[in-house]
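This is what each chain is made of:
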Amino acid sequence: NACLAPLYSLEGMHIITVEGIGNCRRGLHPVQERLAEAHGSQCGFCTPGFVMSMYALLRSSKQPPTKEQIEDSLAGNLCRCTGYRPIIDAFGVFAKTDDSLYTASPSESANGKAICPSTGKPCLCRNETDVNGNESSLLSSVKTYLPSSYNEIDGNAYNEKELIFPPELQLRKIMPLRLNGFNGVRWYRPLKLDQLLQLKSCYPEAKLIIGNSEVGVETEFKNAQYGVMISVTHVPELHTLKVEEDGLRIGSAVRLAQLQDFLKKVIAERGSLQTSSCQAILRQLKWFAGTQIRNVASVGGNICTASPISDLNPLWMSTGATFQIIDVNNNVRTTVAKDFFLGYRKVDLKDDEVLLSVILPWTRPFEYVKEFKQAHRRQDDIALVNAGMRVHITEAEGNWIVSDVSIVYGGVAAVPLTAGKTESFLVGKKLDYGLLDEAFNLLKEDIPLAENAPGGMVEFRSSLTLSFFFKFFLYVTHEMNTKGLSEGLDVANMSAIQSYTRPVTTGTQGYELVRQGTAVGQPMVHLSAMLQVTGEAEYVGDTPTPPNTLHAALVLSKEAHARILSIDDSVAKFSPGFAGLFLSKDVPGANNIGPIRFLQKKNIGPIIHDGEVFASDVVTCVGQIIGIVVADTHDNAKAAANKVNVKYSELPAILSIEEAIKAGSFHPHTTRCLSKGDVELCFASNTCDKVIEGEVQVGGQEHFYMEPQCTLVWPVDSGNEIHMISSTQAPHTHQKYVANVLGLPLSKVVCKTKRIGGGFGGKETRSVIFAAAASVASYCLRRPVKIVLDRDVDMMTTGQRHSFLGKYKVGFTNDGKILALDLEIYNNGGNTLDLSLAVLEHAMLESENVYDIPNIRASGKVCFTNFPSNTAFRGFGGPQGMLIAENWIHHMATELRRSPEEIKELNLHSDGTVLYYGQLLQNCMIHSVWDELKASSNFVEARKAVNVFNSNNRWRKRGIAMVPTKFGISFTTKFMNQ
């Protein structure tokens, strides 16, 4: 959470950096050392974050953490290239374990093999040597780390002791703060509630800050400006956590992580009778953001932000919580949570008022509270729909009826919605299956979702509102049954109410050690690992900038397709630090740009010259670069760029592959066709017992490399030469394009790349346009220019993995033998051709996957759409082609009522097969690999177990599949296949 913390909020704190806990000169910390040795870094850009998350967990744990705690602490960290297995493996050695397993003599199994203390299974790690007989096993050579916690790490691994909280800060008296910041911002830190109320009376519009998790996003990405900020982190009255007679009193400044710990303690002390609401909130908090956010985000901040998708607000409302509010005159009023939310991000809180605390009432006997949340993924993700539900059951005339009920949904409107009609209907009713149909109909009226509702996925989200209530009904029915008061659920329905759990992540990697020379064949720690785990590895953003360096921000198109009428920079010129705006007219050389090669002096492109550094007349996508602003700081450059006013005349836009096909919108010269046999004759004859047709849509994917696009450019020899350091996969391409844009010979342009923080193809061709734009400003002003894209700008401008549409027609026998395939493939190239044709060709080459098809015809086209140009991505079209193939294989299996694996086995390639693009398969091992994997994974028994589970569980299902892949010709540019 360091990126969110305002500098002034750190006053009085001890700051520990990844470089501070250990470095290459004075020695590594055990956490750093273990991550490097376990091969837990690749590009290394995310590595310091993982190190500090683990370090923070160890320092804050009085006991060695469990493996579950380690995984939870890393939930807010992202990695895109290494994968999480080696990272979790690396940190697993710090987990709490049974030390006797490691300190006692090794136990042995019946056959004399040692028992692994980690898995409890026989292993060879203690006595096996490698295949050469002269090297120790990898496992036995790895340094052993005993479980450690903050008070057990004494620093013996390096020459300085573990860092402690500085005594001078411990003894220092905390003082109120009044500080001034950039652009007139004032920062206050009161120490008492009275001081806070006095500040609020002077500055009614002031923003209260605790974790800055919302305000930081607003100021960074939404250009919000707050003149006065008041930090309430040191106001004790807002940090109350008390157990009272009528419930819990929770201060508005209490961190969510603190609330979690408090609720666990209360539930353990008070039991389940009074704490159903506490348990629901605790379960919801587990999936609320990540550990890093919960450590700083507050209860009151989440409430007053009034986000429509808040996970907690529906629960506050449904549990009957009340909010205590105090004004500047010390008057306290109480409002129920259901009346607090007035509109989109509007609450019942006046400018002279502060949310003081939340009162969460105890639950009564036979009162049940349940939380719900559905997101794209469980951890660290916002909700699509969430809900809080409460019901109180009482006995009347021998029947158990609903005396009170509350049903509140979030994520379906501007504010959390109460299902009022449904609540009224349920009161006084016996809770049984007979009322479900009417309740569902009323829920549809209570929670309407328009077809154009923000967030989309309307049908799915509407179904969630019903399924949440049904799950709540089943949950209450089961709870009543445990008390012998109603009929219970049958076994098949139990899966609907079981909370989601998953075991601790496990993974193994097995390989033989065969030494070849000094390093080949050995699991060597790579050369940059030590620098990466200590934060000493330098990326473009870490490069010291020369004196007088300017910072750049882009002026981007806000229209998908439009003619530029005017560009007005009159306001931007007077923005602080403004140094210049550069447009297409300012380009010294050629403004045209493209991904492959030069065709003539002023034009670049593979076939057509379809790209521009700066849009000159027409913009063809949102996010297309119109100009570049340079200023003395990054923030000033962004502010000035936002003040450039561009007027457009809107033109028709094509926003999908289907629209492009309908309009005949394709990039020129991109039609391709490959064939083998006679598809038409096969379909016309009677050899095909069955013929199926269908479509497959494959979506795009964001590269999401950790380090955004960035370049530092500076002039040499009075501007007659340009040097740059770029985060790119293709430095030579940068050299060529920049030379062409500036009208310089190649010998006068130098591009260096030390390392990049992830690329995956996204920095192969798309990175050059940003370097070219920055080089224009640097060349014209004769000053260094640095451009680092913000994440939102990077994602808006750089394109993605290509989305595809596949239309297939397949003929086959009743036995499942494929006879003919007619396939049309379309990919979304975006607004320039880039590498889209090569990606399409590769998808076509992979479109048969590993299956013998005697008659095949595959045709393809690259669609022109008004999206940023899509580009290279790992797999380069191969995954899309194979995914389309696997879809029609499954369609065949459904038609024949057989398992997909049977169809696949029957049609696998054989040695000597000639592929439909003319390649002869030699030493084809697909059959033996398939059989070996099928046997080693015990696939047949696993499939039977899945079928048994699915037949015994009505609502929760499992699946298992074997999917073969073939990555054949990598590129259609032959010299790259080396």
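What you see is a predicted model; the values in this text were computed from it and never measured.

How each quantity is defined
Each chain carries its own residue numbering, running from 1 in the written order of its sequence. For a predicted model such as this one, the threshold for reporting local features is a pLDDT of at least 70, and the threshold for listing and counting side-chain atom pairs is 80 or more; totals across whole chains, interfaces and linings nevertheless cover every residue. In computing side-chain values, all of the structure's heavy atoms are included and hydrogens and water are not. Each helix is a run of H or I in the DSSP string that is no shorter than four residues. Each strand is a run of E no shorter than two, and both are numbered from the N terminus. C-alpha atoms define the radius of gyration in this analysis, and the globule rule sets the expected value at 2.2 Å times the number of residues to the power 0.38. Categorising residues by exposure relies on relative accessible area from a 1.4 Å probe, with only protein chains included: less than 20% of the type maximum marks a residue as buried, more than 50% marks it as exposed, and the intermediate range marks it as partly exposed. Contacts are assigned to residue pairs with any non-hydrogen atoms lying within 4.5 Å of each other. A pair of strands is treated as paired once DSSP finds two or more bridges between them. Residues are called lining when one of their atoms sits within 4 Å of a cavity or pocket point, these points coming from a 1 Å grid over the protein atoms alone, where a cavity is a set in which a 1.4 Å probe fits but cannot get out and a pocket is an open set with protein on both sides within 12 Å along at least five of seven lines. Grid points are joined across faces, edges and corners, and a volume is the space filled by probe spheres set on the points. The nonpolar core is taken to be a set of buried Ala, Val, Leu, Ile, Met, Phe, Trp, Tyr and Cys residues, with the residues joined through side-chain atoms within 4.5 Å. By this rule the span expected of a helix is its residue count minus one, scaled by 1.5 Å. For helices, the fitted axis covers only the stretch in contact; all axes are lines through C-alpha atoms, and the angles between them, taken along N-to-C directions, range from 0 to 180 degrees.

**Student:** Can you break down the overall build of the protein chain residue by residue, with the values?
**Tutor:** Tallying secondary structure elements over the protein chain gives 30 helices and 36 strands in all. Relative to a compact globule of 978 residues, whose C-alpha radius of gyration would be 30 Å, the protein chain shows 32 Å and is just as compact. For the protein chain, the spread of C-alpha atoms along the principal axes amounts to about 80 × 75 × 70 Å. Residue burial in the protein chain is summarised as follows: out of 978 residues, 50% are buried. Of the contacts formed within the protein chain by residues at least 6 apart in sequence, a portion of 73% connects residues at least 24 apart.

**Student:** Kindly report on the pairing of strand β3 (residues 177-180), identifying the contributing residues and their values.
**Tutor:** By the bridge criterion, 4 bridges tie β3 to strand β4 (residues 186-189) in an arrangement that is antiparallel. Paired with R178 across the two strands is Y188, which belongs to β4.

**Student:** Pulling in residues and values, what's your account of empty space enclosed by the protein?
**Tutor:** Taken as a whole, this structure holds 2 cavities of 30 Å³ or more when the rule is applied. Each pocket or cavity is described by its volume, and for the largest cavity that value is around 50 Å³. Residue lining of the largest cavity: V391, V402, V405, L426, L431, F469, F472 and F473, and that is the complete set. Of all the secondary structure elements, the ones that give two or more residues to the lining of the largest cavity are β16 (399-410) and α18 (458-482). Considering every element that reaches the lining of the largest cavity, the biggest residue donor is α18, with 3 residues.

**Student:** Help me get a handle on the nonpolar core, residues and values and all.
**Tutor:** Core analysis: the biggest nonpolar cluster contains 45 residues, and F804, Y808, V810, I818, L821, W888 and M892 have the highest contact counts within it. For this core, the elements supplying multiple residues, two or more each, are β29 (690-698), β34 (804-812), β35 (818-830), α26 (836-845), β36 (855-864), α27 (878-896) and α29 (926-936). Formed by 40 residues, the second largest nonpolar core is a distinct cluster that contains F425, F440, I447 and L474.

**Student:** Quick one: what's the story with α27, residue by residue and with numbers?
**Tutor:** For α27, built from 19 residues, the straight-helix expectation of 27 Å at 1.5 Å per residue is met to within 8% by its first-to-last C-alpha distance of 27 Å. Taken together, the buried positions of α27 are occupied by G878, Q880, G881, M882, I884, A885, E886, W888, I889, M892, A893 and L896. Just beyond α27, the residue with positive phi is R897, at close to 55 degrees.

**Student:** Go over the sheet that holds strand β9 (residues 322-327) with me, naming the residues and quoting the values.
**Tutor:** Strand pairing in a sheet relies on backbone hydrogen bonds. The paired strands run either parallel or antiparallel. Here we have 5 strands laid out as an open sheet, ordered β7-β8-β13-β9-β10, and antiparallel in their pairing. Strands at the two margins of the open sheet, each flanked by one partner only, are β7 (241-244) and β10 (332-336). Strand-to-strand twist of the sheet, defined as the mean angle between neighbouring strand axes without regard to direction, takes the value 25 degrees. Sheet topology places β9 next to β10; 5 bridges connect them, and they run antiparallel. Paired with F323 across the strands is T335, a residue of β10. Together, β9 and β13 (353-361) form the strand contacts of helix α9 (residues 193-202), whose direction differs from that of β13 by roughly 130 degrees.

**Student:** I'd like a description of the pairing of β9, backed by residues and values.
**Tutor:** Taken across its 6 residues, β9 has 6 buried, putting it largely inside the fold. The two faces of β9 match: T322, Q324 and I326 on one face and F323, I325 and D327 on the other face are all buried. A loop of 4 residues connects β9 with β10, the two strands running antiparallel in sequence, and N330 in this loop sits at a positive phi of about 70 degrees. The sheet contact formed by β9 and β13 spans 6 bridges and is antiparallel. Within β13, the position partnered with T322 by the bridge is I359.

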